[in-house]
Amino acid sequence: MPELFGPMPFINDILRHRSLSIVGLEKNTGKTVCLNYVLRRLNEVGARAAITSIGVDGEQTDSVYATAKPEVTLYEGMQFITSEKHYLQRRLVSQLLEVDSQRTSLGQLVTGEVLCRGKILLSGAASSEKLRSQIDHFKEQGMELTIVDGALSRLSLASPTVTDAMILATGAAVSLHLPQLISRTKFLHQLINLPEVDATMRQRLSHITQGIWAVDSDGQPHDLHIASVFLLGRGDNQDDLFRYGTTLFVSGAVSTQLVKYLASQKQIKDITLIVRDFTKFFVTPEVYAEYIRRGGTMLVLQQSKLLAITFNPTSPTGYTMPSRETCEKLSEALGTPVYDVMKIND
Amino acid sequence: MILLKNILKDDPAFQYVVDDLELMSPVGQQRLLNAPWITERAAIEAEYDRIDRAIALLSNADAAPSVNVVRHQLMQLHDIKGTLSSLKGHILLNEIELFEVKLLAHLYGVAAKHLASVGEEGLLAFDGHPLQATLQEVFALLDPDNTGMAHFYIYDSYDPRLAPLRKALKENEDADIFSQQEAVQQEVIVRLCDKLHPYAEALSSALEQMGYLDLLLAKATQARSWQLCRPVLSGERHYLRALFNPRLKQHNEQEGLRYQPVDIELKEGLCLITGANMAGKTVLLKTVGIAQHMAQFGMFVPAQEASLRLVDDVVLCIGDEQNEMNGLSSFASEIIKISDALRRTRHEQLLVLIDEPARTTNPIEGKAIVQAMGALLAQQHSISMVTTHYSQLGLDCRRLRVKGFVEDMNDVALTPQNINSFMDYSLVEDTTDEVPHEALRIAAILGCDQEMIALAQEHLKHHKTNG
């Protein structure tokens, strides 16, 4: 087990990827603290890095709990995207490179380059498409890494179709009750680590953008023309679902309803459900557990690369969980090192 | 003044033409929507001359790289009218607004340079006031280090105090030093805005010129791809040879269907258009309207050859616009529109296009209304075109009939899908006061209930023997 209280070892891992998202399991899980740590380390190793964010996340105080929201510290040479409003409020010296004509609630998005390090609030794009194009743009500008900062419960940016790698932030804000904290973190960790389909299968399925499909024994996909999962198990659809075999691919969101329905089928041991990636998975832990317990198989088209898990021991209500003990329990349960986000900066 | 955006509400078919224009910038969009209805021949001719030049430019393969650069500048153009009016009104700009001003100067400079390289700088300075030199001065003010880049910040060279303060900041992230640095930046901004103030007018003109160029290139591109023609504005003849409806033509081409353009000549007074159902009378009316709209908003027209009279306005009454929101029936909205047109023809030169007036009321009064309306329109100097299914109107006016079904159909079974291939949409002068009676035949082709058709034929026989 690595030393959980020393500097996080994953900076070199990060630089092997072109884009990184930092997502919190809940608000106040220490995402920004983690981000600041990563930025500082990137500066120390002299990496060319850019940062953008999704959603308007940039109020100085958290609107839910009115706790102070730390600004992000950026260093010389880093490029960033934020709104007009936050650009003008920045506490760093930077030059403007570009102004986007699209407007957000905080004005146009602007791209800047830091000349003198300092603090700034980030606010950003509203869609995954916009994020993808920003990441591409930074790549063209010669940036080695683009970091995407996420807003409250915005998992979509961690989709491997948007960013190459991710850091997951969990903490006392998720639950002060240790077993509950562990089970919620573990569930997401499991989903992130769902195994991938093979390359041939990925190639066959990745272009499909709509509907529920079955994959036959020759690996050919067939559209099942299921208008809604709510119709499953009613009338004509019942027998049809497995007419091409028991491997199914859902191109969009996977619901509790669907997984529950599959878990109740007699063929459950033969069923393989393929999901695009873990961000498309909207199933309760109980139903997922039931599906797996009864013998179902779950795969993703593309797996997310999880680089690290961080833990924030302080809850927004002010209560602090015992750091060392909780990190150790979490690490043990997840089989992955978990770092105390408040200590990595020391 | 009539603006293009006001027309779009009344003429949805014209919307298609407008939507097809590939505008790169919001400024070009604004320029299009606020395009005025032009009634002076010279003004339209001047615009046509520039479209011709733009078409020549687009057709010149050697100029393509320069045109692409110009387009790329237009794509980056922001609408900064608000910023420029702040500058005019001595309101302090912020860094982002200063960046926008610099960007405008930069984009204008690059576009002007590339147009000049192909000998067409005049397409940008449409108002006869080239601004390259002036905007170069603006750019220089905002680029004190001569980077030539459209990036911006309050450069160290603006004030000797900035460099040491920033050096100190690099060593130590100190809030006090940062505040001092910000205060100096603010002083620089005040000085910069004072220096930029005299250029506010020129910057506004430059923005307008860029918007104009955007629209001009879009019009020329459309003229090329749709094969539009430059009409002669003789003032007398109103003639369109091989007139086509852009939307329908494109649709038919996509579906692999034939599209038949139509020749039409219109004169002062009234012209009645008759023809079977499905003979394209309504489309013809709409297309004549589109052509006039295009011409007088400074665009080429959808025909192979055209000679047009300029009018004060087009009145288009298609009759399918039942306005439930106003509580008006289709009859009521139609009658209001027609009476408005009649009133206006007494002192304006209009192009009046009315589709089957009074068709939604009883045929006895309906016919009387058409007779009265027709008699009044026939006396006016406006050009009026009215489609109708009423026979024996007894009006002293021109009549054009759509030829309709071709004679030698060689016993091919007609279907709703192929019916269009057996229609001759061309127009012939008609001297009789009769309209074609082909409604039942067409209903049968369309697969209408046979019992109903047989019954209708019985009734028709009955009418004839009794009539």
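For the structure itself, consult the block above.
Just so it is clear, the model here is predicted, and its values are computed rather than measured.

## Brief notes about the overall build of chain B
Of the regular secondary structure elements, chain B holds 17 helices and 9 strands. Here the C-alpha radius of gyration of chain B, 30 Å, is well above what a compact globule of 467 residues would show, namely 23 Å. Dimensions of chain B, computed from the C-alpha atoms along their principal axes, are close to 110 × 50 × 45 Å. In chain B, buried positions account for 49% of the 467 residues.

## Some remarks on unusual backbone geometry
All names here are of chain B. Even without being a glycine, Met 278 presents a positive backbone phi close to 70 degrees. Relative to the elements of secondary structure, Met 278 occurs in the loop between strand S3 (269–274) and helix H13 (281–296). The phi angle at Gln 392 is positive, at roughly 45 degrees, despite the residue not being glycine. Along the chain, the position of Gln 392 falls in the loop between strand S7 (383–387) and strand S8 (398–405).

## Focus on the layout of surface pockets
What the largest pocket holds in volume is close to 790 Å³. In terms of lining residues, the largest pocket is bounded by 27 residues, among which Leu 97, Glu 98, Val 99 and His 137 of chain A together with Gln 76 of chain B are the most central. The set of elements that each furnish at least two residues to the lining of the largest pocket consists of strand S4 (79–83), strand S5 (91–104), strand S6 (107–120) and helix H4 (128–140) of chain A together with helix H5 (64–75) and helix H7 (95–117) of chain B. No other element matches the 5 residues that S5 of chain A contributes to the lining of the largest pocket. Classifying every residue of the lining of the largest pocket gives 11 nonpolar, 13 polar and 3 charged. In this structure, the second largest pocket occupies an estimated 570 Å³ of space.

## Quick word on the packing of aromatic side chains
Under the defined criterion, the tally for this structure stands at 11 aromatic pairs over all chains. Measuring from centroid to centroid gives 5.7 Å for Phe 281 of chain A and Tyr 288 of chain A, while their planes differ by 90 degrees, and the two rings are edge-to-face. In this structure Phe 281 of chain A comes out as buried when scored by relative accessible area, which is 8%. With a centroid separation of 5.8 Å and 10 degrees between ring planes, the pair formed by Tyr 16 of chain B and Trp 226 of chain B is classed as stacked. Taken as a pair, Tyr 16 of chain B in helix H2 (residues 12–20) and Trp 226 of chain B in helix H11 (residues 200–226) lie far apart in primary sequence, 210 residues in all. Here Tyr 16 of chain B falls in the partly exposed class, since its relative accessible area comes to 22%. Using a relative accessible area of 4% as the deciding quantity, one classes Trp 226 of chain B as buried. Geometry around Phe 139 of chain B places Lys 102 of chain B over its ring, the cationic atom sitting 5.5 Å from the centre. A cation over an aromatic ring shows up here: Arg 237 of chain B above the ring of Tyr 239 of chain B, its NZ or CZ 4.5 Å from the ring centre.

## A word on the interface of chain A and chain B
Interface size, as often reported, equals the accessible area lost upon joining of the parts. Across the contact, 24 residues belong to chain A and 20 residues belong to chain B. Our enumeration of links across chain A and chain B arrives at 4 salt bridges. Notably, a salt bridge pairs Arg 90 of chain A with Glu 95 of chain B, separated by 3.0 Å at the nearest N-O pair. The tally of links from chain A across to chain B stands at 5 residue pairs in polar contact (both at pLDDT 80 or more). When residues of the side of chain A that touches chain B are traced back to their parent elements, those giving at least two are helix H3 (84–88), S5 and S6 of chain A. Among the elements that take part in the side of chain A that touches chain B, S5 of chain A stands out by supplying 11 residues, more than any other. Looking at the side of chain A that touches chain B, its residues break down into 10 nonpolar, 6 polar and 8 charged.

## Topic: the sheet that holds S8 of chain B
All names here are of chain B. Taken together, 6 strands build an open sheet; the order of strands is S5-S6-S7-S3-S8-S9 and the sheet is mixed. In this open sheet, the two strands that pair with only one neighbour each are strand S5 (313–317) and strand S9 (423–429). For this sheet the average axis-to-axis angle between neighbouring strands, irrespective of direction, equals 15 degrees. By the bridge criterion, 5 bridges tie S5 to strand S6 (residues 350–355) in an arrangement that is parallel. Opposite Cys 317, over in S6, you have Ile 354 as the bridge partner.

## Remarks on the pattern of salt bridges
Residues and elements named next belong to chain B. Summed over the entire model, instances satisfying the criterion amount to 42 salt bridges over all chains. Here Glu 429 and Arg 398 are joined by a salt bridge, their closest N and O atoms 2.9 Å apart. Here Glu 429, found in strand S9, pairs with Arg 398, found in strand S8; they are 31 residues apart in sequence, far enough to count as distant. In this structure Arg 398 comes out as buried when scored by relative accessible area, which is 17%.

## Section: the sheet that holds strand S2 (residues 262–266) of chain B
Residue and element names in this part refer to chain B. Strand order in the open sheet formed by 3 strands is S2-S1-S4, with antiparallel pairing between adjacent strands. Looking along the sheet, the strands with just one partner apiece sit at the ends: S2 and strand S4 (305–307). Here the average twist between neighbouring strands, direction ignored, is 10 degrees. With 3 bridges connecting them, strand S1 (residues 238–243) and S4 associate as antiparallel partners. By the bridge assignment for S4, Tyr 239 is matched with Ser 307.

## Thoughts on the side chain of Gln 185 of chain B
Along the chain, Gln 185 of chain B turns up in helix H10 (residues 175–196). Excluding residues within four positions of it along the chain, Gln 185 of chain B makes contact with Glu 95, Ile 154, Leu 162 and Arg 166 of chain B.

## Overview of the packing of helix H14 (residues 330–345) of chain B against helix H15 (residues 363–379) of chain B
Residue and element names in this part refer to chain B. It is at 10 Å that the axes of H14 and H15 come closest, and there the two elements cross at 20 degrees. Considering the angle they form, H14 stands roughly parallel to H15. At the point where H14 passes H15, the crossing takes the left-handed sense. Only Ile 369, Met 373, Leu 376 and Leu 377 of H15 make contact with H14, whose side of the interface consists of Phe 331, Ile 335, Ile 338, Leu 342 and Thr 345. Grouping the constituent residues of the contact of H14 with H15 by class yields 8 nonpolar, 1 polar and no charged.

## Looking at the packing of H5 of chain B against H11 of chain B
For any two helices packed against each other, the geometry is given by the interaxial angle and the distance between the axes. All names here are of chain B. Across the interface, H5 lies against H11 with an axial gap of 10 Å and an inter-helix angle of 125 degrees. As summarised for this structure, H5 and H11 are arranged oblique, according to the angle between their axes. Judged by the twist between their axes, the crossing of H5 over H11 is left-handed. Counted together, Val 70, Arg 71, Gln 73 and Leu 74 of H5 and Met 210, Leu 213, Asp 214, Leu 217 and Thr 221 of H11 form the full contact between these two elements. Across the contact of H5 with H11, the residue classes break down as 5 nonpolar, 2 polar and 2 charged.

## Side note on H13 of chain B
Note that an α-helix has 3.6 residues per turn; residues three or four places apart therefore point the same way. All names here are of chain B. A rise of 1.5 Å per residue sets the reference length of H13, with its 16 residues, at 22 Å; its end C-alpha atoms lie 23 Å apart and thus fit the reference within 8%. Counting buried positions along H13 gives 13 out of 16 residues, so the element sits mostly inside the fold. At the C-terminal side of H13, Gly 298 shows a positive phi close to 80 degrees.

## As for the side chain of Arg 309 of chain B
All names here are of chain B. The residue Arg 309 is located in the loop between S4 and S5 in this model. A polar contact of 2.5 Å, which involves the side chain of Arg 309, links it to the side chain of Gln 349. A distance of 3.3 Å separates a polar atom in the side chain of Arg 309 from the backbone oxygen of His 381. Not counting residues within four places of it along the chain, the set of residues in contact with Arg 309 comprises Gly 235, Glu 236, Arg 237, His 238, Glu 268, Gln 292, Gln 349, His 381 and Ile 383.

## Examining the nonpolar core
Within the largest apolar cluster, 167 residues are counted, with the highest numbers of intra-cluster contacts made by Leu 20, Val 38, Leu 74, Ile 147 and Ile 167 of chain A together with Ile 264 of chain B. With 15 residues, H11 of chain B is the largest single contributor of residues to this core. If we ignore the near neighbours within four places in the chain, the residues touching Leu 20 of chain A are Ile 14, Val 38, Leu 145, Thr 146, Ile 147, Val 148, Thr 163, Ala 165, Met 166, Ile 167 and Leu 307 of chain A. By size, the runner-up hydrophobic cluster in this structure holds 49 residues, among which are Phe 187, Ile 212, Leu 224 and Val 259 of chain A.

## Quick notes on H5 of chain B
A rise of 1.5 Å per residue sets the reference length of H5 of chain B, with its 12 residues, at 16 Å; its end C-alpha atoms lie 16 Å apart and thus fit the reference within 8%. On its buried face, H5 of chain B sits against helix H4 (41–59), H7 and H11 of chain B.

What counts, and where the lines are drawn
- Residues numbered from 1 in each chain as written.
- Chains lettered and ligands numbered in written order.
- Predicted model: local features only at pLDDT ≥ 70, side-chain atom pairs only at ≥ 80, totals over all residues.
- Heavy atoms only, no water.
- Helix = DSSP H or I, 4+ residues; strand = E, 2+ residues; numbered from the N terminus.
- Rg over C-alpha atoms; globule rule 2.2 N^0.38 Å.
- Buried < 20%, exposed > 50% of the residue type's maximum accessible area, 1.4 Å probe, protein only.
- 1 Å grid on protein atoms, 1.4 Å probe; cavity = no way out; pocket = protein on both sides within 12 Å on 5 of 7 lines; lining within 4 Å.
- Points joined across faces, edges and corners; volume = space filled by probe spheres on them.
- Nonpolar A, V, L, I, M, F, W, Y, C, P; charged D, E, K, R; others polar.
- Phe/Tyr/Trp six-rings, centres within 6.5 Å; stacked < 30°, edge-to-face > 60°.
- Lys NZ or Arg CZ within 6 Å of the ring centre and 35° of its normal.
- Contact = heavy atoms within 4.5 Å.
- Salt bridge = Lys/Arg side-chain N within 4 Å of Asp/Glu carboxyl O.
- Polar contact = N/O pair within 3.5 Å; in protein donor to acceptor, adjacent residues only side chain to side chain.
- Pairing = 2+ DSSP bridges.
- Axes fitted to C-alpha atoms, helices over the stretch in contact; angles between N-to-C directions.
- Parallel < 35°, antiparallel > 145°, perpendicular 65-115°, else oblique.
- Left-handed = near helix turned anticlockwise from the far one by under 90°.
- Expected span 1.5 Å × (residues − 1).
- Core = buried A, V, L, I, M, F, W, Y, C linked by side-chain atoms within 4.5 Å.

Coordinates in, geometry out; function isn't part of it.
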